[in-house]
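Fold and geometry: a report
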Amino acid sequence: QVQLVESGGGLVQTGGSLRLSCAASGRTFSRSAMGWFRMAPGKEREFVAASWSGGIIYYADSVKGRFTISRDNAKNTVYLQMNSLKPEDTAVYYCAASRKDRLSMLSEVDYWGQGTQVTVSS
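So, here's what we can say about the structure. (Residues numbered from 1 in each chain as written. Predicted model: local features only at pLDDT ≥ 70, side-chain atom pairs only at ≥ 80, totals over all residues. Heavy atoms only, no water.)

Below, the discussion takes up the sheet that holds strand β8 (residues 77–82). Taken in spatial order, the four strands line up as β1-β3-β8-β7 in an open sheet, and their pairing is antiparallel. Unpaired on one side and paired on the other, β1 (3–7) and β7 (67–72) mark the two borders of the sheet. The sheet shows a mean angle of 15° between the axes of neighbouring strands, direction not considered. Relative to β8, strand β3 (residues 18–25) is paired through six bridges, and the arrangement is antiparallel. Among the inter-strand pairings, Leu-20 is bridged to a residue of β8, identified as Leu-80. (Pairing = 2+ DSSP bridges. Helix = DSSP H or I, 4+ residues; strand = E, 2+ residues; numbered from the N terminus. Axes fitted to C-alpha atoms, helices over the stretch in contact; angles between N-to-C directions.)

Spelled out as structure tokens, the structure:
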């Protein structure tokens with residue numbers, strides 16, 4: 001049984017930083033894509049960032065230059081470093097993983113974490 005467990009969410013002021021972690025179990029994802037999505041109140045879940053096994057990384061335009069995704073395959077873990085946070089980054093952040101080595105849209109997600117709340121105060 002595959003599980004993705006996020007940690008690291010919380011409350012931060014505008015301009016602050018947070019680091020999210022997602023530890024996977026039940027399957028090795030070293031040759032698969034892992035990433036992050038988020039869902040803000042009243043909005044649909046949206047893509048944030050993804051890391052493919054070949055070193056390919058994608059970011060949503062809204063987070064480019066502020067967020068950094070990384071992964072530690074030995075720990076089966078993916079991270080999201082979020083800097084220069086803005087109130088519009090407030091959302092529940094979900095870890096996501098794919099059986100395949102591509103991840104950039106909701107339809108490509110095979111596994112979801114339970115989500116972690118990130119709140120950015122103005």
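Side chains bearing opposite charge may pair, as long as their charged atoms lie close to each other. Across all of its chains, the model carries six salt bridges by this definition. With its nearest N and O atoms 3.1 Å apart, the salt bridge here joins Lys-64 to Asp-61. In this structure Asp-61 comes out as exposed when scored by relative accessible area, which is 64%. Here Asp-110 and Arg-99 are joined by a salt bridge, their closest N and O atoms 3.1 Å apart. Of the two residues, Asp-110 sits in the loop between β9 (91–97) and β10 (111–112) while Arg-99 sits in the loop between β9 and β10, which places them 11 residues apart along the sequence. Residues joined by salt bridges that share partners form a network here, namely Arg-38, Glu-46, Arg-66 and Asp-89. (Salt bridge = Lys/Arg side-chain N within 4 Å of Asp/Glu carboxyl O. Buried < 20%, exposed > 50% of the residue type's maximum accessible area, 1.4 Å probe, protein only.)

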